[in-house]
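Each chain, letter by letter, is given below.
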Amino acid sequence: MESQLKDLHSTHDDASASSAADYHIQELEKKFAAYVRNDVYGAMGRGELPLKEKFLLGVALVTLLPLRIIFGMTILVVYYLICRICTLFSAPNREEEQDDYAHLGGWRRAVIVQSGRFLSRSLLFVVGFYWINETRKDSTCTQENSKKEGTHLSEEQESPGAIVSNHVSYFDILYHMSSSFPSFVAKRSVAKIPLVGLISKCLGCVYVQRESKSSDFKGVAGVVTDRVHEAHQNNSAPMMMLFPEGTTTNGDYLLPFKTGAFLAGAPVVPVILRYPYQRFSPAWDTITGQEKDDPKQYANNVRRLMATEGNLILSDIGLAEKRIYHAALNGNNRLPSVLHQKDD
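Attention here is on the structure that accompanies the text. Here the structure is a predicted model, which is why all the values come from computation and not from measurement.

So, about helix α10 (residues 319–329). Residues separated by three or four positions in an α-helix point in the same direction, a consequence of the helix having 3.6 residues per turn. The complete set of buried residues in α10 reads Glu321, Lys322, Ile324, Tyr325, Ala327, Ala328 and Leu329. Looking one or two residues past α10, Gly331 carries a phi angle of roughly 80°, positive in sign.

Quick look at the structure:
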């Protein structure tokens, strides 16, 4: 009898704990809505799948996935060999502790860029992006919007120095490579990854130690600003591609922008990426004017424009809140105290 009471008490405690955890997660999903997955796979891909989805997933794992890996690796190796040939007997640029081949010119640069754009689009096709719809708005539309906001544009359209985009998935990088082949900001360790390392150098990536708060990061910010200036003044120089939100969202929200892309005061090209989906979410145009004198105001104006044009929801949360939400999903028991301290 005593044993039965203990078992009953234990079951009741487990049910209470589970109910409390579920309630806590629901509260977090309301607070951190920008990071919540809304597909059939659920948060962190751990949702309970219906039988039909399990069957489709099993079939894809034994048929489609191997083919995509083979074709994807083939495309990666082919582009690596192209980059290797084009950089033979050429020394990389090592100014400001960087290491890239973005300065290459002539046929070498043309081959790297054109083959890179084609093969990036091919890789997107291999992984399932068979059709990509693009909607472009010309400068006339931008000028009309800017006049309504009280921003004055110069008569002569300036060349952009950077592309700014919302960030949803790793596939964002492949799309931008296929569209404009810009330079990215990447972790320093990317340069050492087999195959990918050389490709990132040919892209002209600016490498940074993301967790570093030392002068190294300030140096990288200076390099990015110089690159934006260079692309603005020289049409042959690659534009910088920056994700000013600093992290990814579920694609329905737009987080506050960091000002790095706007410090140079050069025009930028806003790009809004949307991923329409039915079952699986992949989530894991030029503006000039007076606001360029204030990078923070410039960033906020571009953010509002992107939210309006892309029908996105503005959110004021950031990377710290994303870490709190992911910690909760991973069962970190210390999360509630952290969250309460933040609320206080």
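Picking up where we left off.
Glancing now at the pattern of salt bridges. Taken as a whole and judged by the stated rule, the model has 3 salt bridges. The salt bridge partner of Arg227 is Asp100, with a shortest N-O separation of 2.9 Å. Placement of Arg227 in helix α8 (residues 215–233) and of Asp100 in the loop between α3 (64–86) and α4 (106–126) is noted, with a sequence separation of 127 residues between them. Note on accessibility: Arg227 and Asp100 belong to one class, buried. One salt bridge connects Glu134 with Arg136, and the closest N-O pair in it is separated by 2.9 Å. For Glu134, a relative accessible area of 39% gives the class partly exposed. The exposed category is assigned to Arg136, whose relative accessible area is 65%.

Attention now goes to the packing of aromatic side chains. Under the criterion given, the structure shown has 5 aromatic pairs. Measuring from ring centre to ring centre gives 5.0 Å for Phe125 and Tyr130, while their planes differ by 70°; the resulting arrangement is edge-to-face. The rings of Phe129, Phe171 and Tyr275 are connected pair by pair, giving a single aromatic cluster.

Quick look at the pairing of strand β1 (residues 162–165) now. Burial of β1 is two-sided: the residues Ala162 and Val164 facing one way and the residues Ile163 and Ser165 facing the other way are all buried. Strand direction decides the pairing type here: β1 and strand β4 (residues 240–242), joined by 3 bridges, are parallel. Bridging across to β4, Ile163 finds its partner in Met241. In this sheet, strand β6 (residues 268–271) lies alongside β1 in parallel orientation, the contact comprising 4 bridges. Residue Ile163 lies in a different strand from β6, and its bridge partner there is Val269.

Attention shifts here to the sheet that holds β6. Overall, parallel pairing links the 5 strands, which are arranged β3-β2-β4-β1-β6 in an open sheet. Only two strands of the sheet have a single neighbouring strand rather than two, namely β3 (206–208) and β6. Strand after strand, the sheet turns through a mean of 30° between neighbouring axes, direction not considered. Contacts between helix α6 (residues 171–179) and the sheet are confined to β1, β2 (183–187), β4 and β6, with β2 contributing the most and set at about 150° to the helix.

Relative to the assigned elements, Ala307 resides in helix α9 (residues 295–310). Contact partners of Ala307, with chain neighbours within four places excluded, come to Leu254, Leu312 and Leu314.

Along its 23 residues, α3 runs 33 Å from first to last C-alpha, staying within 8% of the 33 Å computed at 1.5 Å per residue. Within α3 the residues assigned to the buried category are Gly72, Ile75, Tyr79, Tyr80, Cys83 and Cys86. Packed against the buried residues of α3 are α4 and α7 (196–203).

Procedures and definitions
- Residues numbered from 1 in each chain as written.
- Predicted model: local features only at pLDDT ≥ 70, side-chain atom pairs only at ≥ 80, totals over all residues.
- Heavy atoms only, no water.
- Buried < 20%, exposed > 50% of the residue type's maximum accessible area, 1.4 Å probe, protein only.
- Helix = DSSP H or I, 4+ residues; strand = E, 2+ residues; numbered from the N terminus.
- Salt bridge = Lys/Arg side-chain N within 4 Å of Asp/Glu carboxyl O.
- Phe/Tyr/Trp six-rings, centres within 6.5 Å; stacked < 30°, edge-to-face > 60°.
- Pairing = 2+ DSSP bridges.
- Axes fitted to C-alpha atoms, helices over the stretch in contact; angles between N-to-C directions.
- Contact = heavy atoms within 4.5 Å.
- Expected span 1.5 Å × (residues − 1).

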